[in-house]
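Chain by chain, the residues run as shown.
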Amino acid sequence: MTTFAVLKQPYPHLSNDDFNALEPLVFGASETSPGFIARATAIDVVATKWTNFGRDYGAWGFFDAPAFYTGGRTDDTDTRASTLSLWTDLASVKAYAYGGLHRQALRDRRRWFAQIPHKLYAAWWVGDTEIPTWTEACRRLEHLDAHGPSAHAFDFRQPFDPEGRPVSSSPAPEVTHV
């Protein structure tokens, strides 16, 4: 599962103080959620506070952003907010995304995030021993954005099972724009 949004202002801007304070709590909530396996966490110590550009995430690869991101890439200019994580099933990540602390953060998203005409998240299945990379996540998100849901990349509204077959899903709030 990958998510990608664009802040209205770079991370250190005062308007993001609430978001910046909430982010580690939301990550912590994901890590204790049923079905959570792991998330991409930088393994290197980089002399940056806010930006992920240039960071090494080990088996998850070096940080990457989708082609549609044209924002900054330094601590003072970075406006992207992104995640890459592994979950046991789609129901678990959906329950986390639309429940608890993350749901509260979603309610405030318009305060922090710009509306962009792109998909904000993509899901796909990986094998039990596979770890997706940031570059793969970007390509999957771009594919979903350009071609719509398929077994290659999908969303909660039109999910696919691990065998690549479309499955019915209970409606989820559409989050195509923040």
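Residues numbered from 1 in each chain as written. Predicted model: local features only at pLDDT ≥ 70, side-chain atom pairs only at ≥ 80, totals over all residues. Heavy atoms only, no water.

Digging into the pairing of strand β3 (residues 80-87)
- Within β3, seven of the eight residues are buried, which leaves the element mostly enclosed by the surrounding structure.
- Pairing of strand β1 (residues 2-6) with β3, which is carried by five bridges, proceeds in the antiparallel orientation. Each bridged residue has a counterpart across the sheet, and for Thr 3 the counterpart in β3 is Thr 83.
- Relative to β3, strand β2 (residues 36-39) runs antiparallel, the two being bridged by three bridges. From the neighbouring strand, Ala 38 faces β3, where its bridge partner is Leu 86. (Buried < 20%, exposed > 50% of the residue type's maximum accessible area, 1.4 Å probe, protein only. Helix = DSSP H or I, 4+ residues; strand = E, 2+ residues; numbered from the N terminus. Pairing = 2+ DSSP bridges.)

Digging into the packing of helix α1 (residues 17-31) against helix α3 (residues 100-107)
- With their axes 8 Å apart at the nearest point, α1 and α3 run at an angle of 140° to one another. The hand of the α1/α3 crossing is left-handed. Here Leu 22, Leu 25, Val 26 and Ala 29 of α1 lie close against α3, whose contacting residues are Leu 101, His 102 and Ala 105.
- Tallied by class, residues from the contact of α1 with α3 come to six nonpolar, one polar and no charged. (Axes fitted to C-alpha atoms, helices over the stretch in contact; angles between N-to-C directions. Left-handed = near helix turned anticlockwise from the far one by under 90°. Contact = heavy atoms within 4.5 Å. Nonpolar A, V, L, I, M, F, W, Y, C, P; charged D, E, K, R; others polar.)

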